[in-house]
Amino acid sequence: MNFLELVKARYSARKYAGRSVEIEKLEYIMECVRLAPSAVNFQPWRFKIVTDEPTLKALQQCYKREWLATAPCIIVACTNHEESWHRRADNKDHADIDIAIAVEHLCLAATEQGLGTCWVCNFDASQCSTVLGLPEYIEPAVLIPVGYAEDEPVEKKRKMLKFFFKDFVMSSGRFNLPLQQTKVLFFPELMAVLGFWNAFFLRVSSSFLLILHIFQPLYYKNKTEMPKFEHFLGFE
């Protein structure tokens, strides 16, 4: 599958088969994660792959959903705030941005391998740190259950592309997008129709004024009574 097909195939799976995930697939997925980009290439992340039953049950208590108990594997994505890049101007920590990039690499790689995943961020991070015995500078950011999905994907609800550019309109009124994308946003066929009728009425009105200018002497016997041509254009 091409990349667009892969992106469309990924979805948030919330039911998994009892079948365990092959170690070869986990290694492949984590190699894709390793190659993810990060700010200044600092790679401020740590990952814990959990497959043993006691730790899985303990992690399930950090996010109490029945469906999570069906996952045979949970990967805990963590950020290392001592290694992450901080922007000099305002000291913004890019750890969350970096881990998000890495996690999406993980999810897409898992999808390619025929596995289901789900982003879980609404969990008890403090309890998760205790379960895994993490130091203070390591923050658990995302839980990613991984396994063979048994539920069916639902249609993705996403905003139209034009909404992501609405605050960046060019002076011409068009977005600074490739031609293929502007077709989606501006419906050129409709604009062409409107342009045709605009040109049509402009030509008709111009022809009317010209005819009026030519034949008005026949109507006015006294040329002093004739209104000036500019009158029809709204000028005095």
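Our subject is the structure that appears above.
Residues numbered from 1 in each chain as written. Predicted model: local features only at pLDDT ≥ 70, side-chain atom pairs only at ≥ 80, totals over all residues. Heavy atoms only, no water.

> Describe in detail the sheet that holds strand β4 (residues 138–147), supporting the description with residues and values.
Read across the sheet, 4 strands follow the order β1-β2-β4-β3 without closing on themselves; strand pairing throughout is antiparallel. With one partner strand each, in any of the chains shown, β1 (45–50) and β3 (116–117) form the two edges of the open sheet. As judged from the 8 bridges shared by strand β2 (residues 73–80) and β4, these two strands associate in the antiparallel manner. When the bridges of β4 are listed, Asn80 appears paired with Ile138. Here helix α3 (residues 53–60) sits on the sheet and contacts β1 and β2; the angle it forms with β2, its principal contact strand, is near 65°. (Pairing = 2+ DSSP bridges. Helix = DSSP H or I, 4+ residues; strand = E, 2+ residues; numbered from the N terminus. Contact = heavy atoms within 4.5 Å. Axes fitted to C-alpha atoms, helices over the stretch in contact; angles between N-to-C directions.)

> Residue-level account of the packing of α3 against helix α5 (residues 125–132), with values.
For any two helices packed against each other, the geometry comes down to the angle between their axes and how far apart the axes lie. Running from N to C, α3 and α5 cross one another at 165°; their axes reach a closest spacing of 9 Å. Judged by the inter-axis angle, α3 sits roughly antiparallel to α5. By crossing handedness, the relation of α3 to α5 is classed as right-handed. Taking contact as the criterion, the partners of Thr55, Ala58 and Leu59 in α3 are, on α5, Cys128, Val131 and Leu132. Classifying every residue of the contact of α3 with α5 gives 5 nonpolar, 1 polar and no charged. (Parallel < 35°, antiparallel > 145°, perpendicular 65-115°, else oblique. Left-handed = near helix turned anticlockwise from the far one by under 90°. Nonpolar A, V, L, I, M, F, W, Y, C, P; charged D, E, K, R; others polar.)

> Requested: an account of the packing of aromatic side chains, with residues and values cited.
The full count for this structure, using the stated rule, is 1 aromatic pair. Ring geometry for Tyr63 against Trp67: centres 6.2 Å apart, planes inclined by 75°, an arrangement best described as edge-to-face. Positioned over the ring face of Tyr63 is Arg65, at 4.4 Å from the centre of the ring. Above the ring of Phe163, the side-chain terminus of Lys162 is found at 5.9 Å from the ring centroid. (Phe/Tyr/Trp six-rings, centres within 6.5 Å; stacked < 30°, edge-to-face > 60°. Lys NZ or Arg CZ within 6 Å of the ring centre and 35° of its normal.)

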